[in-house]
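If you want the building blocks of each chain, they are given just below.
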Amino acid sequence: MKSYPISIKPFGERAVLVEWPSEVKESILADILDFMEAFKALKIPGWEMSVAYNSLTMVYNNDHLDFEETQKMILDCHAGQAKSPSNRVQHLWTIPVCYDQEFGIDIQEVSKTLNLSVEELIQQHTSHQYVVYGIGFLPGFMYLGGLPQSLEIPRRSEPRLQVAKGSVGLAGKQTGIYPQESPGGWNIIGNCPVPLFNPGLKEPCFVKVGDKIQFNKISKAEYDLHKIEAEVGIYKPAKVVLHA
Amino acid sequence: MLKVLKSGFFVTIQDLGRYGYRDIGVPVSGAMDADSVKKANLLLGNDPNAAVMEITMTGPTLQFDEPTFICLSGAHISATVNNRPIENYQVVQVTKGDILSYGKLQNGFRAYLAIKGGFQTEKVLGSRSQFVPVTKTKRLKDGEEVPYIKNISFKPLISEVKIDDHFLENHLDVYKGPEFELLSDMQLSGIFTKTFTVSKENNRMAYQLSELIESHSHSMLTSGTLPGTVQLTPAGRLIILMKDGQTTGGYPRILQLSEESICTLAQKKLGDKFSFKLL
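Report on the accompanying structure. As a convention, each chain's residues are numbered from 1 in the sequence order in which they are written. Chains carry letters from A onward and ligands carry numbers from 1 onward, assigned in written order. pLDDT decides what is reported in this predicted model: residues at 70 or higher carry local features, side-chain atom pairs at 80 or more are listed and counted, and totals for whole chains, interfaces and linings draw on all residues regardless.

## A look at the overall build of chain A
Summing up its helical and strand segments, chain A has 5 helices and 14 strands in all. Only the C-alpha atoms count toward the radius of gyration. The rule for a globule is 2.2 Å times the residue count to the power 0.38. Here chain A has a C-alpha radius of gyration of 20 Å; the compact-globule value for 244 residues is 18 Å, and the two agree. When its C-alpha atoms are laid out on the principal axes, chain A stretches across 55 × 40 × 35 Å. Here a residue counts as buried when 20 or more other C-beta atoms fall within 10 Å of its C-beta, as exposed when 12 or fewer do, and as partly exposed in between; the C-beta atoms come from the backbone. For chain A, with 244 residues in total, the buried portion stands at 39%. A pair of residues counts as a contact when their C-beta atoms, built from backbone coordinates, are within 7 Å of each other. Sequence separation of at least 24 residues holds for 67% of the intrachain contacts in chain A that already meet a minimum separation of 6. Secondary structure elements are taken from DSSP: a helix is a run of H or I of four residues or more, a strand is a run of E of two residues or more, and numbering for both begins at the N terminus.

If you want it as structure tokens, here you go:
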């Protein structure tokens, strides 16, 4: 596995920011995830880590941290991680989406702008695998990479005050799902009936950074069924194990 | 139960926050002015993390149905028990039927009501701090009942102290943020010579400041943010993330408030002024 140069910056009294080269790349993400695994194996209590694309924010919840000491610990850990093979398990999740006009309120407009038929648009959106480069912004919101160029479309000029929970959208180089109702400026092309964040579960978010997502077109009837199944807790999206 | 007869402007249950879930986008939440909460809990002999009521700007009217002990801290909102004034950092014994109510805001913005043993609302993901969609509700409503533990035997070690209000400070201590080096000389002099004003866009998620500094066109990949992170938008606006703030953001993080200064800012309201001081 390729190892990249990293830089470490202080981030207030209790956190450091570790940065990899500023690119959206699967091999960089893999190096970050390998580092996290190696760091977790040190079993130092109090650390909380979150990934976003090429960076890792490391927060120390126990006490104030000594930057020099922490920096050395991180560099040593990163230098040593290549020696132990990774045991990371990653999944490919199939996420159902209903692209009917009822949910995909912008799908007609998007298909016109992109010069694709609605069918072609759905076909392209569902035929790619998207890498989860981070989870943040809102609980359960995934930053997905790997959108084909043909589906790149600017944000709406005016954001909506309310976008429905589960809305699947396109904006710039990104596609994603709104995990809750929120304001937003993405172009909405469908809706996913499966909640991406459920605080009642031991693992409130089933997807992990490094996993992959593939969307699957479903009918309105399947949507209604999955929605009820998800609410009573018997529906789980299909997954396949990918090797790290 | 503590019955909320009238809920006031914005009253929530908070402890010191929800840790361990930032990797799935859950903000830390917790009391905005953690210092005031820790001190009140200390006087009551509570765990520092015991849940309190965070009372923003105007106070609720509350009625106790069991005897216990309480302690107020943070902003001064002319609190009374059965119309008898009570002070901050004073351990007060209350009994069944007593009514705690608030009057005029004198200083600060967020007052705290700590109770012996802490409020006993449901813990979700390790914390009682209210934040939707983690908790079902985002604030206390009229008629709601908040559970607490009856106590008649507590003997406080110190029953009253005079503590200076840290939040009357008019400067915020800041560290360099991860993108500090992107700042131009003009932006730097703007940040460290101007006086900034809290705009009407201020809440538990973020404080936006009224004054602009020089605009910029730096773009960066989305990266982690923390409570106290000062973001600079392309238009030159400063946005300071607070306890319910998002866990990631795409604007340059130019400064990071000290933990003490987060508490100070939490007590500032629309129109209040302050300056930044680099540590």
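## Concerning the interface of chain A and chain B
The partner chain B presents 25 residues to the 33 residues of chain A that form the contact. Counting only elements with at least two residues in the side of chain A that touches chain B, the list comes to β1 (7-10), β2 (15-19), β3 (47-52), β4 (55-60) and β6 (130-135) of chain A. For the side of chain A that touches chain B, the element with the most residues is β3 of chain A, which contributes 4 residues.

## Brief notes about the sheet that holds strand β13 (residues 196-202) of chain B
All names here are of chain B. With respect to topology, 7 strands assemble into a closed barrel ordered β12-β19-β16-β17-β14-β13-β20, the strand pairing being mixed. Within the sheet, the average angular offset between the axes of one strand and its neighbour, ignoring direction, is 40°. Whenever a helix is involved, its axis is fitted only over the stretch in contact; in every case the axis is a line through C-alpha atoms, and angles between N-to-C directions fall within 0 to 180 degrees. Sheet contacts for helix α3 (residues 259-266): β12 (171-176), β14 (206-212), β17 (237-241) and β19 (253-257); angle to β12, the most-contacted strand, approximately 140°. Only when DSSP finds a minimum of two bridges between them are two strands counted as paired.

## A look at the pairing of strand β5 (residues 89-97) of chain A
All names here are of chain A. Bridge count for β5 against strand β14 (residues 238-243) is 6 bridges, and the pairing is antiparallel. Bridged to L92 within β14 is V240. The pairing of β5 with strand β13 (residues 212-217) spans 6 bridges and is parallel. Pairing of W93 across the sheet is with I213, part of β13.

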